[in-house]
Amino acid sequence: GSTTIQSWLVSGKTSGGHFNPAVTLAVVLSGRSVCPVADGLLYALVQIAAGLSAGLLVAVYHMNGPFAFLSLTPLPFKPWTDYGVVTVGIAEGVFTFVLAYATLACSTAGAVPTASGRRQNYFFGLAEGFCVMTGGCAVGSITGGMMNPAVAAGVWLLNLEELGSIKEAGISLGTCLKFSTWQCTGGLIAAVVFRITHPSEYC
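Note that this is a predicted model, so its numbers are computed, not measured.

Peer 1: Would you mind showing me how to read helix α7 (residues 149–159) here?
Peer 2: Structurally, the α-helix is built with 3.6 residues per turn, so residues lying three or four positions apart point the same way. Of all 11 residues in α7, nine are buried; the element is thus mostly enclosed. Sitting at the head of α7, Asn148 places a side-chain oxygen 2.8 Å from the backbone nitrogen of Ala150.

Spelled out as structure tokens, the structure:
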């Protein structure tokens, strides 16, 4: 949570500090020229590439470290069989919605136009960081508390080290896409709710 807060505060002025394709989707769909579609697509591609890079880096470190003999299969993809697709998906979707809505309400609403762009209130980093922390604590044991398609992609790549066949890799990729779908649905709903609760942003 604290790392997330720091990252948002450091880069919020530059990019908006999304770090999350689902949040970027929410910001793009909220309109108001805060994040044009082309920028949103580029942000999402970079975020997913960063997630994959993180998964690869962890896998390489693990394979060459003193605990290489231990299984590294991450928890987040297991709960689909323990709790079911709907339960896990709703949990991911709800807390991704909370994160995306907090981003919209705290870092994009009421931003003051300036000659160089939009001047924001940088307390938004705290609000969004605590959303990540809350989601992780609340549903971490059920879903892994990812709330981010880029993280899901990284976990999928990390899982490849443990998978023994192309079929298993395909099943794991399918699970990753299910996670991402629920997460992006949370972002979409956040954009819709934001339009309803912040009509002054569209005057």
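Peer 1: Before we go on, may I ask you to explain the nonpolar core in this structure?
Peer 2: The biggest cluster of nonpolar side chains holds 13 residues, and the ones touching the most others in it are Val23, Ala26, Val27, Ala100, Leu104 and Ala190. Looking at this core, the elements with two or more residues in it are α2 (21–29), α5 (85–108) and α8 (166–197). Counting seven residues, the second largest nonpolar core, distinct from the first, contains Val88, Met146, Val155 and Cys176.

Peer 1: Any chance you could explain unusual backbone geometry here in plain terms?
Peer 2: Positive phi outside glycine occurs at Ser33, with the angle close to 60°. Checked against the element boundaries, Ser33 lands in the loop between α2 and α3 (37–63). Note on Ser33: relative accessible area 69%, which makes it exposed.

Peer 1: Just to check I follow, could you spell out the packing of aromatic side chains for this structure?
Peer 2: Remark: the centre distance and the inter-plane angle together describe each pair of aromatic rings, the angle taken between the planes. For the structure on display, the rule yields two aromatic pairs. Consider the rings of Phe194 and Tyr202, whose centres lie 6.4 Å apart with planes at 70°: the pair is edge-to-face. Classification of Tyr202 as partly exposed rests on a relative accessible area of 30%.

Cut-off values and rules
Counting restarts for each chain, with residues numbered from 1 along the sequence as it is written. Side-chain atom pairs in this predicted model are given and counted only at pLDDT of 80 or more, local residue features only at pLDDT of at least 70, and totals for whole chains, interfaces and linings cover all residues. Values shown for side chains rest on all heavy atoms present in the structure; no hydrogens or waters enter the calculation. When accessible area is computed with a 1.4 Å probe and restricted to protein chains, residues below 20% of their type maximum are described as buried, those above 50% as exposed, and intermediate ones as partly exposed. Each helix corresponds to a stretch of at least 4 residues labelled H or I by DSSP, and each strand to a stretch of at least 2 residues labelled E; elements are numbered beginning at the N terminus. Polar contact is the term for a pair of N or O atoms within 3.5 Å; when the atoms are in protein, one must be able to donate a hydrogen and the other to accept it, and sequence-neighboring residues count only if both atoms are side-chain atoms. Only buried residues count toward a nonpolar core, which is a set of Ala, Val, Leu, Ile, Met, Phe, Trp, Tyr and Cys residues joined through side-chain atoms within 4.5 Å. We call Phe, Tyr and Trp rings a pair once their centres come within 6.5 Å, taking the six-membered ring for Trp, and we label the pair stacked below 30 degrees between planes, edge-to-face above 60, and tilted otherwise.

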